[in-house]
Amino acid sequence: MTEMLIPELPTTRSTAFDPPAELGSLRAAGPIHRMRFPDGHEGWLVTGYELAREVHADRRFSSRSELHHPLRRLAGQAVPRQDPAKPGMFIGMDAPDHTRYRRLLTGQFTVRRMNALMPRIEQIVAEHLAGLRAAGSPADLVANFALPVPSMVICELLGVPWDEREAFQRDTAEALRLDRPFEEVMAAFGRLEEFVADLVRRKRAEPGDDMLTGLVETGELTDGEVANMGLLLLVAGHETTANMLGLGTLALLRHPEQLAALKADPSLVDNTVEELMRYLSIIQFGTIRTALEDVGIGGVVIRAGDTVSISVPAANRDPERFERPDEFDVRRSATGHIAFGHGVHQCLGQQLARIEMRVGYSALFREFPDLRLAVPASEVRLRTDMAIYGVHELPVAFS
């Protein structure tokens, strides 16, 4: 491990698909480094794959939001430390609270249940590809396909009226911006909270066949808890997959030999999805944990109260785990990547996301075999200004 104190998390990219080059240099020097957070806290940055998994799985590292020193700046400014997670916001909690909330959702996201959704997902994808064709060439793949497909899926699962999507999509985008002041980001979160809270009130008055109604009817949760759980699912359930569909399509178009391999052998779609998750790692700033006690790990001692930033992009490019990690290869078995996290906080909706991507990429290139960029690649606007990486728009052309 280097003795140098990294001034802050490297965030400047030199290419569309690669994480900041400094992360690779740091990983080559060692899997963990001292790092200064925006508020001045001297914590740690993990760049190695094995150590990233270890920290994620170690219960001596907390996910409690109020313990963390914020990793990101907003509009160039350090932001205040968070309050304790609100009831139901389980990603910012440890056991036993996290365990209780997650248990109530686990049955909703089984592999069997997600596979049972496949016919409906295939229908939603087909409808939006027809809409893309109707829009005419050129068209924006994000607005016509990548964003609405996972949005409609999560709306149907949760019971969110589709005609109300514009409000939560707009506020979600605002809440994830890095170039907005803290107060504006929190105002967007506040509007999202009100949106879902109102929806829960409506579910109690008029139950439906959906996940929010199911949570209400457990009798184990307050309306506030249901609303906060629903908010997490709504935001995570469309933003991440939407950006994978958009950026993943760009990656395939920019690697024609890999796209040709997928077209020649459609059974490679499973590998393609896992490799895109690893290669792109759209949770671009990673995850954070805070030590609850002194922990000896990776050859260093992390003191109680130290916040640890785990760089998912760096870990997923670790040559100790993945051969030729900076190459995009759809024939690679990329299983074991940590794009969905690791340990007890691993993404609940990962199987749903996989199905949406498998169906989405397969159908997209089957229906549009000559799909191509409608602008030079250098003109595609990348989401370097957002907490979740991707593309703002993806102008494509087709016959």
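In this report, the structure presented in the accompanying data block is examined. As the structure is a prediction and not an experimental result, all values here were calculated from the model.

### Observations concerning the sheet that holds strand β9 (residues 372-373)
The strand order β4-β10-β9 describes an open sheet built from three strands, whose pairing is antiparallel. Because the sheet does not close on itself, it has two edges, and the strands there are β4 (139-140) and β9. Strand direction decides the pairing type here: β9 and strand β10 (residues 395-397), joined by two bridges, are antiparallel. Among the inter-strand pairings, R372 is bridged to a residue of β10, identified as A397.

### Overview of the environment of A173
Secondary-structure assignment places A173 in helix α8 (residues 165-175). In this structure, the C-alpha to C-alpha distance between A173 and A304, residues 131 residues apart in sequence, is 35 Å. What A173 contacts, discounting residues up to four positions off in sequence, is E239 and M386.

### What about the packing of aromatic side chains?
Applying the stated criterion to the full structure yields five aromatic pairs. Their ring planes at 25° and their centres at 5.2 Å tell us that Y279 and F328 sit as a pair that is stacked. Separated by 49 residues along the polypeptide, Y279 in helix α13 (residues 269-280) and F328 in the loop between α14 (312-315) and α15 (350-367) bring together distant segments of the chain. A single burial state applies to Y279 and to F328, both of which are buried. Of note, R321 hangs over the ring of F322, and the distance from its end group to the ring centre comes to 4.5 Å.

### Considering the pattern of salt bridges
Under the definition given, this model contains 33 salt bridges. Note that R64 and E66 form a salt bridge whose closest N and O atoms lie 2.9 Å from each other. With a shortest N-O distance of 3.0 Å, E275 and R332 are connected by a salt bridge. One end of the pair, E275, is in helix α13; the other, R332, is in the loop between α14 and α15, and 57 residues separate them in sequence. What makes E275 buried here is its relative accessible area of 0%. Looking at R332, the relative accessible area reads 9%, which means it is buried. Residues participating in the shared-partner salt-bridge network are E174, R177, D179, R180, E184 and D385.

### Considering the environment of E239
Structurally, the position occupied by E239 is in helix α11 (residues 223-254). Given the relative accessible area of 5%, E239 is considered buried. Along the backbone, E239 and P138 are 101 residues apart, and their C-alpha atoms lie at a distance of 24 Å. Discounting chain neighbours no more than four positions away, the residues touching E239 are T172, A173, L176, R383 and I388.

### Side note on helix α9 (residues 182-205)
With 24 residues, α9 ought to run about 34 Å at 1.5 Å a step, and its terminal C-alpha atoms sit 35 Å apart, in line with that. Of the positions making up α9, those classed as buried are V185, A188, L192, F195, V196, A197, L199, V200 and K203.

### Focus: the state of the cysteines
If you walk through the whole model with that rule in mind, you get zero disulfides. There is no disulfide at C155, and the cysteine sulfur nearest it, in C347, is 17 Å away. A relative accessible area of 2% places C155 in the buried class. Classification of C347 as partly exposed rests on a relative accessible area of 32%.

### With respect to the sheet that holds strand β5 (residues 287-291)
In space, the five strands of this open sheet follow the order β1-β2-β8-β5-β3, with mixed pairing throughout. Each having just a single partner strand, β1 (32-36) and β3 (61-62) make up the two edges of the open sheet. Here β1 pairs with strand β2 (residues 42-46) via five bridges, running antiparallel. Looking across to β2, one finds that R34 is bridged to W44.

### Observations concerning the pairing of β5
Judged by how many residues are buried, β5 sits mostly within the fold: four of five residues are covered. With two bridges joining them, β3 and β5 adopt antiparallel strand pairing. Bridge pairing links S62 to T290 in β5. Pairing of β5 with strand β8 (residues 307-310) involves four bridges; the strand directions are antiparallel. When the bridges of β8 are listed, R289 appears paired with V308.

Definitions and cut-offs
- Residues numbered from 1 in each chain as written.
- Predicted model: local features only at pLDDT ≥ 70, side-chain atom pairs only at ≥ 80, totals over all residues.
- Heavy atoms only, no water.
- Pairing = 2+ DSSP bridges.
- Helix = DSSP H or I, 4+ residues; strand = E, 2+ residues; numbered from the N terminus.
- Contact = heavy atoms within 4.5 Å.
- Phe/Tyr/Trp six-rings, centres within 6.5 Å; stacked < 30°, edge-to-face > 60°.
- Buried < 20%, exposed > 50% of the residue type's maximum accessible area, 1.4 Å probe, protein only.
- Lys NZ or Arg CZ within 6 Å of the ring centre and 35° of its normal.
- Salt bridge = Lys/Arg side-chain N within 4 Å of Asp/Glu carboxyl O.
- Expected span 1.5 Å × (residues − 1).
- Disulfide = S-S within 2.5 Å.

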